[in-house]
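Okay, here's what each chain looks like letter by letter:
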Amino acid sequence: MFSFVRELLTSISAKASRTSANMKLLALRVEAKSKGTMFEKWVTFWKSMYLDYKDLVYDIRNDVREEPIKAVCLASLFAAVTYCAKHNPNLVNYRASFVNYANELSLVHPSLQKVEAASTVDRIGKCFARDVVRRLNLGIASVIWIDFHNRTCKNGESTCPYFQMQSYEIKDYIVDVGFLDRWWFLNSCMADYDINY
């Protein structure tokens, strides 16, 4: 029994050594055939890329060992920015929040509604109906603003570059700012929307 196992192991090791020798020969043949070809350039590119990133990892490791407080601060900043970017609300979230607040406000009698909340819901509802609500993504935050024209409108006024909204005018048409899955102006406006109740 033991002799069978010993023979099996020696045959496997002999095959493995032959396979590794064959792989080395194959690698040498491929390298010889690929001299000056696109494949050689491709292999050289990826080898240099690997070496660059390997050096980068070693440099980062050495910097972390030399200045651990700075490394922790940078890692915390990176984590915070990543968290904010992941929880950046979009236009669908804004519309869902708006519809939710509009439904809640509709359950309160108009004489008991806060005037600011009622006028904001009415104005934003009309803008959604005209399809002029836009979102500007800033990576970690979003800005909701009102455009002049509908996206599908192709009349002269909407296509002429002189009638388009200029970048310095956007601040006058900002409706809301979204940050960390929350729309701040809409939430503050709808606070105590039944204040007269």
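Look up a bit, the structure's there.
Residues numbered from 1 in each chain as written. Predicted model: local features only at pLDDT ≥ 70, side-chain atom pairs only at ≥ 80, totals over all residues. Heavy atoms only, no water.

Trainee: Looking at this structure, I do not really get the overall build of the chain. What am I missing?
Mentor: Secondary structure summary: the chain contains seven helices and three strands in total. Going residue by residue from the N terminus, the α and β elements of the chain occur as α-α-α-α-α-β-β-α-β-α. When the 197 residues of the chain are sorted by exposure, 20% land in the buried category. Of the accessible surface of the chain, which amounts to about 14900 Å², a share of 63% is contributed by carbon and sulfur atoms. (Helix = DSSP H or I, 4+ residues; strand = E, 2+ residues; numbered from the N terminus. Buried < 20%, exposed > 50% of the residue type's maximum accessible area, 1.4 Å probe, protein only. Areas by Shrake-Rupley, 256 points an atom, 1.4 Å probe, with all protein chains shown as cover.)

Trainee: Which parts of the structure should I look at to understand the packing of aromatic side chains?
Mentor: Each aromatic ring pair is specified by the distance between its two centres and by the angle formed by the two planes. Applying the stated criterion across every chain, the model contains five aromatic pairs. With 6.0 Å between their ring centres and 35 degrees between their planes, Y94 and F128 make a pair best called tilted. Of this pair, Y94 sits in helix α4 (residues 91-106) while F128 is found in helix α5 (residues 115-130), placing the two residues 34 residues apart along the sequence. The residues Y94 and F128 share a single accessibility class, namely buried. Arranged with centres 5.3 Å apart and planes meeting at 90 degrees, the rings of F148 and Y173 form a pair that is edge-to-face. Placement of the pair is F148 in the loop between β2 (142-146) and α6 (156-159) and Y173 in the loop between α6 and β3 (174-178), with a sequence separation of 25 residues. Judged by relative accessible area, F148 falls into the partly exposed class, the value being 31%. Following the ring pairs from residue to residue traces out a cluster consisting of Y94, F98, F128 and W183. We note R95 situated over the ring of F128; from NZ or CZ to the ring centre the distance is 4.6 Å. Taking the ring centre of W184 as reference, the NZ or CZ of R182 above it sits at 4.4 Å. (Phe/Tyr/Trp six-rings, centres within 6.5 Å; stacked < 30°, edge-to-face > 60°. Lys NZ or Arg CZ within 6 Å of the ring centre and 35° of its normal.)

Trainee: When you look at a negative patch on the surface in this model, what are you seeing that I'm missing?
Mentor: A grouping of D52, D55, D59, D63, E66 and E67 is seen on the molecular surface, where their side chains present a negatively charged patch. In this fold, D63 is placed in helix α2 (residues 38-66). (Patch = residues over 30% accessible without salt bridge, like charges linked within 9 Å, V, L, I, M, F, W, Y side chains within 5 Å. Salt bridge = Lys/Arg side-chain N within 4 Å of Asp/Glu carboxyl O. Lys, Arg positive; Asp, Glu negative; His and termini not counted. Charge placed at Lys NZ, Arg CZ, Asp CG, Glu CD.)

Trainee: Could you clarify how one ought to interpret the nonpolar core in this entry?
Mentor: The nonpolar side chains of a soluble globular protein tend to be buried with one another. Counting 20 residues, the largest nonpolar core has Y94, I124, L186 and M190 as its most contacted members. Elements represented by at least two residues in this core include exactly α4, α5 and β2. Not counting the four nearest positions on each side in its chain, Y94 is found in contact with I124, F128, I144, V175, D176, W183 and L186. (Core = buried A, V, L, I, M, F, W, Y, C linked by side-chain atoms within 4.5 Å. Contact = heavy atoms within 4.5 Å.)

Trainee: Before we go on, may I ask you to explain the side chain of N187 in this structure?
Mentor: Assignment of secondary structure puts N187 in helix α7 (residues 184-189). Take N187: its relative accessible area is 17%, and that puts it in the buried class.

Trainee: How should the pattern of salt bridges be read in this particular structure?
Mentor: Note that side chains of opposite charge can pair when their charged atoms are close. Across all of its chains, the model carries three salt bridges by this definition. Ionic pairing is found between D172 and K171, a salt bridge with its closest N-O pair at 3.5 Å. For D172, a relative accessible area of 55% translates into the label exposed.

Trainee: Got a minute to help me understand the packing of α4 against α5 in this structure?
Mentor: When two helices pack together, their arrangement is given by the angle between their axes and by how far apart the axes lie. Following both chains from N to C, one finds α4 and α5 inclined at 135 degrees, their axes separated by 10 Å at the closest point. Here α4 lies oblique to α5, going by the angle between them. Here the hand of the crossing between α4 and α5 comes out left-handed. Note on element contacts: α5 touches α4 through A117, A118, V121, I124, G125 and F128, opposite Y94, R95, F98, A102 and L105. (Axes fitted to C-alpha atoms, helices over the stretch in contact; angles between N-to-C directions. Parallel < 35°, antiparallel > 145°, perpendicular 65-115°, else oblique. Left-handed = near helix turned anticlockwise from the far one by under 90°.)

Geometry only, nothing functional implied.
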